[in-house]
Amino acid sequence: MQGLIGKKIGMTSLFTEDGRNLACTVVQTGPCVVTQVKTIETDGYSALQLGFGERKAKNVSNQLKGHLSKSGDVISQKLVEFRDFEIEKSLGDTITVDDVFQAEDIVKVSGFSKGKGFQGVVKRHNFAGVNDATHGQHNRQRSPGSIGAASYPAKVFKGMRMAGQDGNRKVTTKNLKVLRVMPENNLLLIKGTVPGHKGSIVIIEK
Amino acid sequence: MADLMKYVEEQVSVGNELPDFKPGDNVVVSYRIIDGDKERIQDFRGDVLQISGSGISRTFTVRKISNGVGVERIFPMNSPYISDLQILRRGKVRRARLYYLRERVGKKARIKEKRTLR
């Protein structure tokens, strides 16, 4: 597996050579610093821990500062571990977009979706609601309806879809195509949409 | 982030240099059509109803009456298939979106010409 950490910049559109106008997302990807190299001998598995972005030293615990001091002076904003990274890198190296991604690659992107707050079942679970304002209905147009039977089973089953927090959870979108790589500004153009708001951190894996 | 978006839009732009036209203008859009391996140019003549969007995703809507039926077509400003755009007539209109033309037919659907002093 290979991947990098990035920041969602925004969306735009792009004409392909066969004449289709594609919606695409711009992601600033890397450069990432190798903050830890895990090997089978020492850790039982092989992985690279990468850091992205920057944070002020006063906002970071001493433990994290100590850990990051081994790889350089920069205090990374986000640390992510990638199992079985296919590129050989050592501690303190930087990895840029063009090291990992080429145009036409198929990637998966994960991030935190936009938070919607506490939402009802119509928005959160695509329930239909009542769809009727008359015929005996009042004040229940967006209600969930029945949530179970009667004295048997005499309880509401776990996992019943109800109102609650919507969005702001980890979402992964698979099979997205890389349309273009712009190494001069560490940018990646990905076909389609990517979870999260502008400026949110996303993880791009190949 | 805004700088980066600007940079990307410059990179993916086709670089069409269209004349400065406005809603109400009568224009001819020459559009390249690829038909199998042949390519021909089709003209679409009509009034510009609106220009919408910003940056690279700007589009404009052209409306014409074809055989008594209103036809509207939306063109992306950044389309590589626009080979030419000619302004035939400048219109004198008082709004940016000329949706009212959709409900008008015949003489009522005319747009006054904007005359500039020489």
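Residues numbered from 1 in each chain as written. Chains lettered and ligands numbered in written order. Predicted model: local features only at pLDDT ≥ 70, side-chain atom pairs only at ≥ 80, totals over all residues. Heavy atoms only, no water.

## Remarks on the overall build of chain B
Phase 1: For chain B, the count of helices and strands is 1 helix and 5 strands.
Phase 2: If you list the helices and strands of chain B from N to C, you get α-β-β-β-β-β.
Phase 3: Taking all 118 residues of chain B together, 35% fall into the buried category.
Phase 4: The contacts in chain B between residues at least 6 apart in sequence include a share of 52% that link residues at least 24 apart.
Phase 5: For chain B, the exposed surface amounts to about 8,100 Å²; the carbon and sulfur share of it is 45%. (Helix = DSSP H or I, 4+ residues; strand = E, 2+ residues; numbered from the N terminus. Buried < 20%, exposed > 50% of the residue type's maximum accessible area, 1.4 Å probe, protein only. Contact = heavy atoms within 4.5 Å. Areas by Shrake-Rupley, 256 points an atom, 1.4 Å probe, with all protein chains shown as cover.)

## Looking at the packing of aromatic side chains
Residues and elements named next belong to chain B.
Phase 1: Counted according to the given criterion, the structure contains 5 aromatic pairs over all chains.
Phase 2: Measuring from centroid to centroid gives 6.3 Å for tyrosine 31 and tyrosine 81, while their planes differ by 45°, and the two rings are tilted. Remark: tyrosine 81 occurs in the loop between strand 4 (69-76) and strand 5 (82-89) and tyrosine 31 occurs in strand 1 (residues 26-35); sequence separation between them is 50 residues.
Phase 3: Aromatic side chains phenylalanine 44 and phenylalanine 75 sit 5.9 Å apart centroid to centroid with 70° between the ring planes, which places their arrangement in the edge-to-face category. Linking phenylalanine 44 in strand 2 (residues 38-52) with phenylalanine 75 in strand 4, this pair joins segments that are 31 residues apart in sequence. Take phenylalanine 44 and phenylalanine 75: they sit in the same class, and that class is buried.
Phase 4: These aromatic residues form a ring-pair network of at least three members: Phe21, Tyr31, Phe44, Phe60, Phe75 and Tyr81. (Phe/Tyr/Trp six-rings, centres within 6.5 Å; stacked < 30°, edge-to-face > 60°.)

## Considering the interface of chain B and chain A
Phase 1: Each partner contributes to the interface: chain B provides 14 residues, whereas chain A provides 23 residues.
Phase 2: For the pair chain B and chain A, the summed buried surface comes to about 1,400 Å²; carbon and sulfur atoms form 71% of the total.
Phase 3: Of all residues in chain B, B:Met1, B:Leu4 and B:Tyr7 bury the most surface against chain A, accounting for 37% of the area lost on that side.
Phase 4: Inspection of the chain B/chain A interface yields 0 salt bridges.
Phase 5: Counting across the chain B and chain A interface gives 2 residue pairs in polar contact (both at pLDDT 80 or more).
Phase 6: Top contributing element to the side of chain B that touches chain A by residue count: helix 1 (residues 2-12) of chain B, with 7 residues.
Phase 7: A class-by-class count of the residues in the side of chain B that touches chain A yields 10 nonpolar, 3 polar and 1 charged. (Buried area = accessible area lost by both parts, 1.4 Å probe. Salt bridge = Lys/Arg side-chain N within 4 Å of Asp/Glu carboxyl O. Polar contact = N/O pair within 3.5 Å; in protein donor to acceptor, adjacent residues only side chain to side chain. Nonpolar A, V, L, I, M, F, W, Y, C, P; charged D, E, K, R; others polar.)

## A look at the domain arrangement of chain A
Phase 1: Domain boundaries in chain A define domain 1 (3-116 + 173-205) and domain 2 (117-129 + 142-166).
Phase 2: Measuring from the centre of the C-alpha atoms in domain 1 of chain A to the corresponding centre in domain 2 of chain A gives 37 Å. (Domains from an automatic or database assignment.)

## Focus: the confidence of the model for chain A
Phase 1: Chain-level pLDDT for chain A is 88 on average; 100% of the residues reach the 70-or-more range.
Phase 2: Mean pLDDT per element in chain A: helix 3 (residues 97-100) of chain A is the minimum at 83, and strand 8 (residues 117-119) of chain A is the maximum at 95. (pLDDT = per-residue confidence, 0-100.)

## Looking at helix 1 of chain B
Phase 1: When we look at burial in helix 1 of chain B, the residues that qualify are B:Leu4, B:Met5, B:Tyr7, B:Val8 and B:Val12. End-on view of helix 1 of chain B: buried residues confined to an arc of 160°, all on one side of the axis. Exposed residues lying more than 90 degrees from the buried face of helix 1 of chain B are B:Ala2, B:Asp3, B:Lys6 and B:Glu10.
Phase 2: Buried residues belonging to helix 1 of chain B abut strand 1 (3-15), strand 2 (21-29), strand 10 (170-182) and strand 11 (187-191) of chain A. (Arc of directions from axis to C-beta.)

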